[in-house]
Amino acid sequence: MASLSSTHDKPVLVDRYAAGARINHWVTAISFILLALSGLAFFTPSLYFLTGLFGGGQLARTLHPWIGVVLFVSFSGLFVRFWKANLWNRDDSAWMSKLPDVVAGHEEKLPEIGKYNAGQKLVFWGMALLILVLFATGLVIWQQYFGAASSIDQQRVALLLHAAAAVGTILIWIVHVYAAIWVRGTIQAMTRGNVTGGWGWRHHRKWLREEVQKGEVKTQPAE
Amino acid sequence: MATMELVRRSASSSPAFQPGAQEIAKLIDVSKCIGCKACQAACLEWNDLREEVGFNDGTLNNPHDLTPASFTVMRFTEWENAATGNLEFLIRKDGCMHCSDPGCLKACPAPGAIVQYSNGIVDFDHDKCIGCGYCVKGCPFNIPRISKADHKAYKCTLCSDRVAVGQGPACAKACPTKAISFGTKQEMKDLADKRIKDLKGRGYANAGLYDPPGVSGTHVMYVLHHNDRPSLYAGLPDAPKISAVVELWKGVAKYAGLAFIGLAAVGAAVHHIVAGPNKVSSEDEENAVRLKEKA
Ligand code: HEM
Ligand code: SF4
Ligand code: SF4
């Protein structure tokens, strides 16, 4: 236990993600980025050059669906870890009704929030739904193995849905990454696994209170 | 006729096909075909293809479908004509139609993997093909096949290599009944007119030329005795056109999708400039420390 006097000049740290969750997140993130890059190469001729990153068109075409399988398995892991913490509650509706304050960064006007705010929950559920759609439609349009498993009409619809869902996930991804950059101190949650107490106080006060009650909040060890 | 000027490439901005004086066509007169498959054999030979030995499914269809090694197959249909009480044996040589508005070319994501020449031939460039199978989804006639061996798309080339040096397609040359003719599109239309008049004179009131306007016409055309019902001939589409789903996917979806992604990225950058970073203050940190101390 650190002495009272020393806690005043050192911020407290709160663990947010254990190593397993962080690894799971980064496998998901990397496969998602690779999927977006290879997928966009097929989506529009102006980005076809991106196939070069994968060793050419044939290889990009071959790899994309396999990376998709990795993403699906990996995201399923995140889903199992986080779905409970992402269930919607009353605070979320209150938070959503103050969206202008959220965007303006007036956190003092927002209700106290648990581990995830409504925006994060929407990112979570939006990704969950769209990745499911991408996986299902992706199998239908996987020519090499499933080309004969569905009718051409079904494949046309699957291709349209796959492209639309891909655009949807990329939009959510932009919001997700931007939020992590805009709200300073967030990224270390996924790199080092913890955030400062002040970050918790400012953005997720209910969660911070719970962690403090549980005795999970540590003083930063001296360098 | 020997000019092979390239007018369109897949996944590249190029103008729609303009029928020119060089436009060629193959005319398949279904009423003259005896189903001998000499054309199938000639196609295998000219294109140096070996079809796997298949099995007999109780019909004359052999192979049963187009494959990466069979660019053309004869499709046999037994049809009872209710009006005459006759059993008609309808034989259609299936293969790429060389559409003026080719759905395969529209769908293909690989620049230059599908090309269209000024004479109307639609050809695949296998060096550029990535094997995605989008052409299969784009084609209204269910023609391209993706090889399991090299993962590239195959279909009839209309013997573009022969046409380029002033020859007709191998199948036309092999056909013993002259059911397959080759020439300029206008010549083929004129020839078809004569055949249709003859057929009409022999009781086929609905005889006609299959040159479907939904794909802006084709460079393989049929003379059909029952042109009012093309689908009698082993499912030849009655009114083929590029699927609305494909048009949506390659049209609005593409542009709207890219616009949304661009707007989101720009929006995020602008927000950061206007709102500035959302920073944790030292007050926040102190509050957290106090919270912890109270506990
Ligand atoms: C979840 C598993 C996924 C599977 C099984 C899958 C499979 C496929 C397949 C088979 C194709 C056709 C090209 C090819 O054969 O490689 C394709 C295209 C594409 N994929 Fe995926 N994919 C998945 C996830 C994703 C994700 C997460 C994204 C976006 C971030 C994405 C974006 C795209 C795009 C943009 C295209 C091109 C669509 C078009 O041409 O309009 N895919 N996908
Ligand atoms: S029939 Fe199919 S493969 Fe042939 S040109 Fe038309 S769309 Fe392309
Ligand atoms: S399989 Fe080849 S020709 Fe067909 S759409 Fe894909 S890249 Fe183009």
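No experiment lies behind these values; they were computed from the predicted model shown. Sequence positions are assigned chain by chain, starting from 1 and proceeding in written order. Each chain gets a letter, beginning with A, and each ligand a number, beginning with 1, in the order they are written. Residues qualify for local features only when their pLDDT is at least 70, as the model is predicted, and side-chain atom pairs are given and counted only at 80 or more; totals for whole chains, interfaces and linings, by contrast, use all residues. The side-chain quantities take in all heavy atoms of the structure and omit both hydrogens and water.

Caption draft 1: How the structure looks around the pattern of salt bridges. All names here are of chain B. Counted as salt bridges are all cases of a side-chain nitrogen of Lys or Arg within 4 Å of a carboxyl oxygen of Asp or Glu. As enumerated under the stated definition, the model contains 19 salt bridges over all chains in all. For Lys185, the salt bridge is made with Asp211, and the minimal N-O distance between the two is 3.0 Å. In this pair, Lys185 is assigned in helix α6 (residues 185-201) and Asp211 in the loop between β10 (208-210) and β11 (220-224), connecting sequence segments 26 residues apart. With a 1.4 Å probe rolled over the protein chains alone, any residue whose accessible area is under 20% of its type maximum counts as buried; one over 50% counts as exposed, and the rest are partly exposed. In this structure Lys185 comes out as buried when scored by relative accessible area, which is 7%. In the salt-bridge network here, residues are joined through shared partners; they are Asp65, Arg75, Arg92, Asp94 and Arg145. The way it works is that DSSP assigns letters per residue, a run of H or I at least four long becomes a helix, a run of E at least two long becomes a strand, and they are numbered from the N terminus.

Caption draft 2: A look at the sheet that holds strand β3 (residues 217-219) of chain A. Residues and elements named next belong to chain A. DSSP calls a pair of strands paired once it identifies at least 2 bridges connecting them. Pairing is antiparallel in the open sheet, where 3 strands are placed in the order β2-β1-β3. Two strands in the sheet have a free side with no partner beyond their single neighbour: β2 (194-196) and β3. When strand polarity is set aside, the average angle formed by the axes of neighbouring strands in this sheet is 35°. Two elements, strand β1 (residues 12-15) and β2, share 3 bridges in a ladder whose sense is antiparallel. Paired with Asp15 across the two strands is Asn194, which belongs to β2. Between N-to-C directions, angles cover 0 to 180 degrees, with each direction set by a line fitted to C-alpha atoms, over the stretch in contact for helices.

Caption draft 3: Summary view of the UniProt feature "binding site: [4Fe-4S] cluster 1" (unreviewed entry) in chain B. Residue and element names in this part refer to chain B. UniProt positions are given in the numbering used here, feature names are shortened, and annotations may be inferred rather than shown by experiment. Taken from the UniProt record, the annotation "binding site: [4Fe-4S] cluster 1" (unreviewed entry) applies to Cys33, Cys36, Cys39 and Cys175. Spatially, the listed residues are clustered: although they cover 143 residues, their C-alpha atoms lie within 10.5 Å of one another. Here Cys33 shows up in the loop between β2 (24-29) and α1 (38-46). In this description, contact between two residues means that some pair of their heavy atoms is separated by no more than 4.5 Å. Not counting residues up to four positions away in its chain, the partners in contact with Cys33 are Met74, Ile91, Thr177 and Ala179. For Cys36, a relative accessible area of 42% corresponds to the partly exposed category.

Caption draft 4: Structural context of helix α9 (residues 282-294) of chain B. To estimate the expected span of a helix, count its residues, drop one, and scale the result by 1.5 Å. End to end, α9(B) covers 18 Å across 13 residues, agreeing with the expected 18 Å (1.5 Å per residue, within 8%). Every buried residue of α9(B) is accounted for by Asp284(B), Glu285(B), Asn287(B), Ala288(B), Val289(B), Leu291(B) and Lys292(B).

Caption draft 5: Looking closely at the sheet that holds strand β9 (residues 180-184) of chain B. All names here are of chain B. Pairing is mixed in the open sheet, where 4 strands are placed in the order β9-β2-β11-β10. The open sheet has two edge strands, β9 and β10, and neither has a second partner. Direction aside, neighbouring strands of the sheet carry axes that sit 25° apart on average. Examined bridge by bridge, β2 and β9 share 5 bridges and lie antiparallel to one another. Residue pairing in the sheet places Ile24 in a bridge with Thr184 of β9. On the sheet, α6 packs against β2, β9, β10 and β11 and is oriented at approximately 135° with respect to β9.

Caption draft 6: The arrangement of the domain arrangement of chain B in detail. Taken domain by domain, chain B consists of domain 1 (6-241) and domain 2 (251-294). Either an automatic procedure or a domain database provided the assignment from which the domain bounds are taken. A separation of 56 Å is found between the C-alpha centroids of domain 1 of chain B and domain 2 of chain B.

Caption draft 7: Summary view of the site of ligand 1. Only heavy atoms are used to decide nearness, and a residue is near a molecule or strand if one of them lies within 4 Å of it. Near ligand 1 there are 24 residues, and of these Arg61(A), His64(A), His162(A), Tyr134(B) and Trp249(B) occur at the shortest range. Here an oxygen atom of ligand 1 sits 2.8 Å away from a polar atom, N or O, in the main chain of Arg61(A). A distance of 2.7 Å is found between an oxygen atom of ligand 1 and a side-chain nitrogen or oxygen belonging to Trp249(B). For the shell around ligand 1, the secondary structure elements donating two or more residues are α2 (19-43), α3 (57-82), α6 (118-140) and α8 (152-182) of chain A. Top contributing element to the shell around ligand 1 by residue count: α2(A), with 7 residues. N or O atoms closer than or at 3.5 Å make up a polar contact, with two conditions inside protein: a donor-capable atom paired with an acceptor-capable one, and, for residues adjacent in sequence, both atoms drawn from side chains.

Caption draft 8: Spatial organisation of the pairing of strand β3 (residues 73-81) of chain B. Here β3(B) lies mainly inside the structure; 7 of its 9 residues are buried. Two successive antiparallel strands, β3(B) and strand β4 (residues 86-94) of chain B, enclose a turn made up of 4 residues, where Gly85(B) displays a positive phi of approximately 75°.

Caption draft 9: Here's a closer look at the site of ligand 3. Around ligand 3 lies a shell of 14 residues, among which Cys108(B), Cys129(B), Ile130(B), Cys132(B) and Cys135(B) are the nearest. Its residues placed into classes, the shell around ligand 3 shows 12 nonpolar, 2 polar and no charged. In this classification, the charged set is Asp, Glu, Lys and Arg, the nonpolar set is Ala, Val, Leu, Ile, Met, Phe, Trp, Tyr, Cys and Pro, and all remaining amino acids, among them Gly, are polar.

Caption draft 10: Structural context of the UniProt feature "binding site: [4Fe-4S] cluster 2" (unreviewed entry) in chain B. Residues and elements named next belong to chain B. On the UniProt side, "binding site: [4Fe-4S] cluster 2" (unreviewed entry) is annotated at positions that read Cys43, Cys156, Cys159 and Cys171 here. Spanning 129 residues, the named residues nonetheless gather at one spot, since no C-alpha pair among them exceeds 10.7 Å. Counting through the fold element by element, Cys43 comes out in helix α1. Excluding residues that lie within four positions of it along the chain, Cys43 makes contacts with Leu49, Phe71 and Thr72. Among the secondary structure elements, Cys159 is positioned in the loop between β8 (153-154) and α4 (160-163). The contact partners of Cys159, leaving out residues within four places of it in the chain, are Trp46, Pro169 and Ala170.

Caption draft 11: Examining the interface of chain A and chain B more closely. Taken residue by residue, the interface counts 48 residues in chain A and 53 residues in chain B. Summed over both partners, the interface of chain A with chain B comes to about 4,600 Å²; 67% of that surface belongs to carbon and sulfur atoms. Run the count over chain A and chain B and you get 1 salt bridge. Salt-bridge contacts for Arg202(A) lead to Asp284(B); the nearest nitrogen and oxygen are separated by 3.6 Å. Summed over the shared surface of chain A and chain B, the number is 20 residue pairs in polar contact (both at pLDDT 80 or more). If you list the elements that add at least two residues to the side of chain A that touches chain B, you get α1 (4-7), α2, α3, α7 (143-146), α8, α10 (197-203), α11 (205-213) and β3 of chain A. Top contributing element to the side of chain A that touches chain B by residue count: α8(A), with 13 residues. Here's the idea: put two parts together, see how much 1.4 Å probe accessible area each one loses, and the total over both is what we call buried area.

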